[in-house]
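Letter by letter, the chains look like this.
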Amino acid sequence: MRKPRAAVGSGHRKQAASQEGRQKRAKNNSQAKPSACDGLARQPEEVVLQASVSSYHVFRDLAEVTAFRGSLLSWYDQEKRDLPWRRRAEDEVDLDRRAYAVWVSEVMLQQTQVATVINYYTGWMKKWPTLQDLASASLEEVNQLWAGLGYYSRGRRLQEGARKVVEELGGHMPHTAETLQQFLPGVGRYTAGAIASIAFGQATGVVDGNVARVLCRVRAIGADPNSTLVSQQLWGLAQQLVDPARPGDFNQAAMELGATVCTPQRPLCSQCPVESLCRARQRVERERLLASGSLSSSPDVEECAANTGQCHLCLPPSEPWDQTLGVVNFPRKASRKPPREESSATCVLEQPGALGAQILLVQRPNSGLLAGLWEFPSVTWEPSEQLQRKALLQELQRWAGPLPATRLRHLGEVVHTFSHIKLTYQVYGLALEGQTPVTTVPPGARWLTQEEFHTAAVSTAMKKVFRVYQGQQPGTCMGSKRSQVSSPCSRKKPRMGQQVLDNFFRSHISTDGHSLNSAAQ
């Protein structure tokens, strides 16, 4: 049912998610009254697009479109990966349940790799197999199951959407991309199109990062795919190409191709089912012939010939063709703005308990970064160690009462990058020994055993912090492959996400020796 995305990273879903946000803002902005000079300052985007696009960047006849559809779907039927959300979409006869299953997978796969999502999806659908089940769950339960998956607002919005369907729409999912986007919170153009095409068979195209890359290469579009002009062109191509008889399969096939074959850095062009229709490959051939001086012998090698000035879809003049990149010249992306850097101090406060050591967690606000999740007491960074310790101790005492300041120890640091913030945690520890345990805490705080901590609604960053704390205890050697800590453990372990994906596919290899395509996305 959904997309392949894994070893190549999660940029495709990030692009789709960011585009959905821009599109919703654009829809709201379109209601604003235009100024008197708007007509002179800018032309309608559709006019600009038509005036600046040469036929080189489009599919010009039905035969070419039909060939693309047939080749891609034949390849997909043979090579598609056996993923749990796809099986649910194929086997579920109830349309609302099918749409819900697709919706959950689409939301989880936003900016997250397939290897990571598999176990989360399986656990989610086991716990909440229907919209009604999810609608009746608490936000605490949702956050707890989502913990570690990142971008936590996705889980909250998914539950908000389920409640809206149950309470306002009679338990029935909207059936079209337009109504899905209109009625469901957090559902933008891409997600709506994916649900509508896969669950309900609506012939609507979709564009995520994988599809954008495939289309950019097939039609030699070198400009930034995140720009409004190029995005419009890509959505137009997707709608032109989608197979009306198998729209869900076609959209998944395009995403699968981008995830497993037409990858960002090392595409497997020899395995591509639409290589013969790929303008990027033709450009590589043209450049090879130019270099060898034999271009005149191959008049069929086509190139863009826009008659109205610089083509807005070709490689920008500032970034000409790079012979060493080959098809990876397409597309060229604008440089990303680095995340802003912030610092914080956090403390693991531990006390003995009847069932073992307990640690104090406090709940974050219900809005903003990591809304509603639990964390160790934290304060913003202070310029001096003395001020830092004072501020942190005051925060700890606010939740747990008087504490021995002399036991507060600095253990190291953890660096965790969110989508737009690079946050450095200065990690402290304070163990309460030889004194009466704290039994009551204010609302918004609670004591948990270490076992309870690992299943609680806490972020990956807090789990990293706790590993630093554990690493300072006698006989421990804890570390995190993504954390930067002052005393890292030298022992390297295989990547968990890759282990999950490898184990999943290994268990689905048939006994006659036929293997699924298990290329990591």
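Please read all numbers here as calculations on a predicted model, not as lab measurements.

Chemist: Explain the overall build of the chain to me, please; I cannot follow it from the model alone.
Modeler: Along its length, the chain carries 20 helices and seven strands. When contacts within the chain are restricted to residue pairs at least 6 apart in sequence, long-range pairs at least 24 apart make up 71% of them. Carbon together with sulfur atoms contributes 51% to the accessible area of the chain, which is approximately 24,900 Å² in total.

Chemist: Is there a simple way to explain the environment of T260 in this structure?
Modeler: The topology assignment puts T260 in helix α15 (residues 247-260). Given the relative accessible area of 5%, T260 is considered buried. There is a polar contact of 2.8 Å between the side chain of T260 and the backbone oxygen of E256.

Chemist: I keep staring at the packing of aromatic side chains and nothing clicks. Help me out?
Modeler: Remark: the centre distance and the inter-plane angle together describe each pair of aromatic rings, the angle taken between the planes. Going through the model one piece at a time under the given rule, you end up with 10 aromatic pairs. An angle of 25° between the planes, with centres 5.4 Å apart, marks the rings of F376 and F453 as stacked. With F376 in the loop between β3 (374-375) and β4 (378-380) and F453 in helix α18 (residues 450-455), this pair connects stretches of sequence that are 77 residues apart. Through a chain of ring-to-ring contacts, the aromatic side chains of F376, F453, F466 and Y469 assemble into a single cluster. In this structure, R189 is placed above the aromatic ring of W235, and the distance from its NZ or CZ to the ring centre is 3.9 Å.

Chemist: Could you clarify how one ought to interpret the side chain of T449 in this entry?
Modeler: Following the sequence through the fold, T449 ends up in strand β7 (residues 445-449). On the accessibility criterion, T449 (9% relative accessible area) is buried. Excluding residues that lie within four positions of it along the chain, T449 makes contacts with L355, A357 and Q358.

Chemist: In this structure, what is going on with the side chain of S459? I would like to understand it.
Modeler: Relative to the helices and strands, S459 resides in the loop between α18 and α19 (460-471). On the accessibility criterion, S459 (3% relative accessible area) is buried. Not counting residues within four places of it along the chain, the set of residues in contact with S459 comprises Y152, L370, L373 and W374.

Chemist: Explain the state of the cysteines here, please?
Modeler: Here a disulfide denotes a covalent bond joining the sulfur atom of one cysteine to the sulfur atom of another. Enumeration according to the criterion identifies zero disulfides in this entry. Of all cysteine sulfurs in the structure, the one in C272 sits closest to C262, which takes part in no disulfide; the separation is 6.3 Å. Using a relative accessible area of 10% as the deciding quantity, one classes C262 as buried. C311 takes part in no disulfide bond, and the closest cysteine sulfur, belonging to C314, lies 3.8 Å away. Note on C311: relative accessible area 5%, which makes it buried.

Chemist: Looking at this model, I keep getting lost on the pairing of strand β6 (residues 421-431). Mind explaining?
Modeler: Every other side chain in a regular strand lies on the same face of the sheet, so the side chains alternate between the two faces. Across the 11 residues that make up β6, a large majority, nine, are buried. Pairing between strand β1 (residues 340-351) and β6: 11 bridges, direction parallel. Pairing of E342 across the sheet is with L423, part of β6. In terms of strand pairing, strand β5 (residues 409-417) meets β6 through eight bridges, oriented antiparallel.

Chemist: Could you clarify how one ought to interpret helix α7 (residues 114-127) in this entry?
Modeler: Each full turn of the α-helix corresponds to 3.6 residues, which orients residues three or four apart in the same direction. Taking 1.5 Å per residue, 14 residues should reach 20 Å; α7 reaches 20 Å between its end C-alpha atoms and fits that length. Buried within α7 we find V114, A115, V117, I118, Y120, Y121, W124 and M125.

Chemist: Please clarify how the pattern of salt bridges should be interpreted in this entry.
Modeler: In the structure shown here, the tally under the stated rule is 18 salt bridges. In this structure, the salt-bridge partner of E287 is R286, at a minimum N-O distance of 3.3 Å. The exposure classification of E287 matches that of R286, with both residues buried. With its nearest N and O atoms 3.4 Å apart, the salt bridge here joins R332 to E319. One end of the pair, R332, is in the loop between α16 (279-292) and β1; the other, E319, is in the loop between α16 and β1, with 13 residues separating them in the sequence. On the basis of relative accessible area, R332 is assigned to the buried category, the value being 12%. Among the residues examined, E319 registers a relative accessible area of 32% and is labelled partly exposed.

Chemist: For this particular structure, what's the right way to read the packing of helix α13 (residues 209-218) against helix α14 (residues 228-241)?
Modeler: For any two helices packed against each other, the geometry comes down to the angle between their axes and how far apart the axes lie. Viewed as axis vectors pointing N to C, α13 and α14 meet at an angle of 90°, and their least axial separation amounts to 10 Å. Looking at the two axes, α13 sits roughly perpendicular to α14. Contacts between α13 and α14 pair A212, L215 and C216 from the former with L234, L237, A238 and L241 from the latter. When the residues that make up the contact of α13 with α14 are grouped by side-chain class, the tally is seven nonpolar, no polar and no charged.

Cut-off values and rules
- Residues numbered from 1 in each chain as written.
- Predicted model: local features only at pLDDT ≥ 70, side-chain atom pairs only at ≥ 80, totals over all residues.
- Heavy atoms only, no water.
- Helix = DSSP H or I, 4+ residues; strand = E, 2+ residues; numbered from the N terminus.
- Contact = heavy atoms within 4.5 Å.
- Areas by Shrake-Rupley, 256 points an atom, 1.4 Å probe, with all protein chains shown as cover.
- Buried < 20%, exposed > 50% of the residue type's maximum accessible area, 1.4 Å probe, protein only.
- Polar contact = N/O pair within 3.5 Å; in protein donor to acceptor, adjacent residues only side chain to side chain.
- Phe/Tyr/Trp six-rings, centres within 6.5 Å; stacked < 30°, edge-to-face > 60°.
- Lys NZ or Arg CZ within 6 Å of the ring centre and 35° of its normal.
- Disulfide = S-S within 2.5 Å.
- Pairing = 2+ DSSP bridges.
- Expected span 1.5 Å × (residues − 1).
- Salt bridge = Lys/Arg side-chain N within 4 Å of Asp/Glu carboxyl O.
- Axes fitted to C-alpha atoms, helices over the stretch in contact; angles between N-to-C directions.
- Parallel < 35°, antiparallel > 145°, perpendicular 65-115°, else oblique.
- Nonpolar A, V, L, I, M, F, W, Y, C, P; charged D, E, K, R; others polar.

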